[in-house]
Amino acid sequence: YGGMGLDFSYNIAVAEELGNIRCAGIPMAVGVQAGMATPALTRFGSHELKKQFLIPTIAGDFVACLGISEAGAGSDVANIKTTAVRKGDDYVINGGKMWITSGSQADWMCLLANTSEGPPHRNKSLICLPMDLPGIHVAKKIDKLGMRSSDTAQIFFEDVRVPSKNLIGEEGKGFTYQMLQFQEERLWGVATALTSLDTIIQETIEYSRQRKVFGQPVLHNQTVHFRLAELATEVELLRSLLRRAVALYVEGNDVTKFASMAKLKAGRLAREVTDSCLQFWGGMGFTSEVLVSRFYRDLRLVSIGGGTDETMLSIICKYMEILPSK
């Protein structure tokens, strides 16, 4: 379908390289195309759907977006309210989605909607939704703290009719398919953040070597260079966890626990690294003229998007079997 036929480890290699871009919004936009809106279509979609949506997305002719989160259901995916009711040969969609990356320019959406009244983990389906259909309203482009180059939209659906053949895989399997997509999304996010954290630490070393306080470079203060060494060590440990998770995933294993651990650590480490390094920049760190202040804002999303820290902890606890059974 236009891809290179390589395994998932190459996606992660690309993600790490994209982390060199001095702006986290661009790697995230590419990630939506490569590892967030398309894995379920690639794995479970019909040949016709792949021809219609996957080929032009891989070629870059289509912009894709992922329609999961809602105003009342961010990380709580099971609680989404958007419905897709079967009428004849169509689904009729009503509801809305919130915080949709690339939503204001997308050609199609990988939409998660309730297609029946059954249990919340078995009543959802994924649907390829063209974004030019009547009844789709892009309400606004959301003004954000960080990732400001990335358009994030609020979208409403009012009696939107889409052919039932646009269903990805089986009806009622959407929640399961989306949980699989989340693994690739979370690992991609970790990979891009890693390279950014390396860059921030290195630039802080260079700046604190030049910046003098009380007659000596800031870097010569033991508190500063010990802290930077500690942060660099934490980044390397996260990189090892990522590589282990990716290797297991390529072999066909369930890496939900390791992907969740990596996502949790990446979000917390991003906050720790950017906050510590910004402090060493002093007043310059509080300006918009330096990279550390941009990443301080941009990388804050890692602990929120694609599942919050708290959601990752819950998943880890489940796999460790340390939560009380319901």
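Everything quoted here is computed from the prediction, not taken from an experiment. (Residues numbered from 1 in each chain as written. Predicted model: local features only at pLDDT ≥ 70, side-chain atom pairs only at ≥ 80, totals over all residues. Heavy atoms only, no water.)

**Thoughts on helix 9 (residues 309-320)**
Phase 1 of the analysis: For helix 9, built from 12 residues, the straight-helix expectation of 16 Å at 1.5 Å per residue is met to within 8% by its first-to-last C-alpha distance of 16 Å.
Phase 2 of the analysis: Listing the buried residues of helix 9 in full gives D309, M312, I315 and I316. On an axial view of helix 9, the arc spanned by its buried residues comes to 125°, and they lie on one face. Of the residues in helix 9, the exposed ones pointing more than 90 degrees away from the buried face are E310 and K318.
Phase 3 of the analysis: Against the buried residues of helix 9 lie helix 5 (174-210) and helix 7 (256-280).
Phase 4 of the analysis: E321 lies just past helix 9 and shows a positive phi near 55°. (Helix = DSSP H or I, 4+ residues; strand = E, 2+ residues; numbered from the N terminus. Expected span 1.5 Å × (residues − 1). Buried < 20%, exposed > 50% of the residue type's maximum accessible area, 1.4 Å probe, protein only. Arc of directions from axis to C-beta. Contact = heavy atoms within 4.5 Å.)

**Let's talk about the UniProt feature "domain: Acyl-CoA dehydrogenase/oxidase C-terminal" (unreviewed entry) in the protein chain**
Phase 1 of the analysis: Summarizing the sequence annotation, UniProt attributes the feature "domain: Acyl-CoA dehydrogenase/oxidase C-terminal" (unreviewed entry) to residues 172-318 in the numbering used throughout.
Phase 2 of the analysis: Helix makes up 74% of residues 172-318 and strand makes up 3%, while its end C-alpha atoms are separated by 23 Å. (UniProt positions renumbered as here; feature names shortened; annotations may be inferred.)

**Comments concerning unusual backbone geometry**
Phase 1 of the analysis: If you check the backbone angles, D159 has positive phi at about 50° while not being a glycine.
Phase 2 of the analysis: As for its placement among the helices and strands, D159 is situated in strand 7 (residues 152-163).
Phase 3 of the analysis: The class for D159 is partly exposed, based on a relative accessible area of 48%.
Phase 4 of the analysis: Even without a glycine there, the phi angle at E321 is positive, about 55°.
Phase 5 of the analysis: Note on placement: E321 falls in the segment after helix 9.
Phase 6 of the analysis: Looking at E321, the relative accessible area reads 71%, which means it is exposed.

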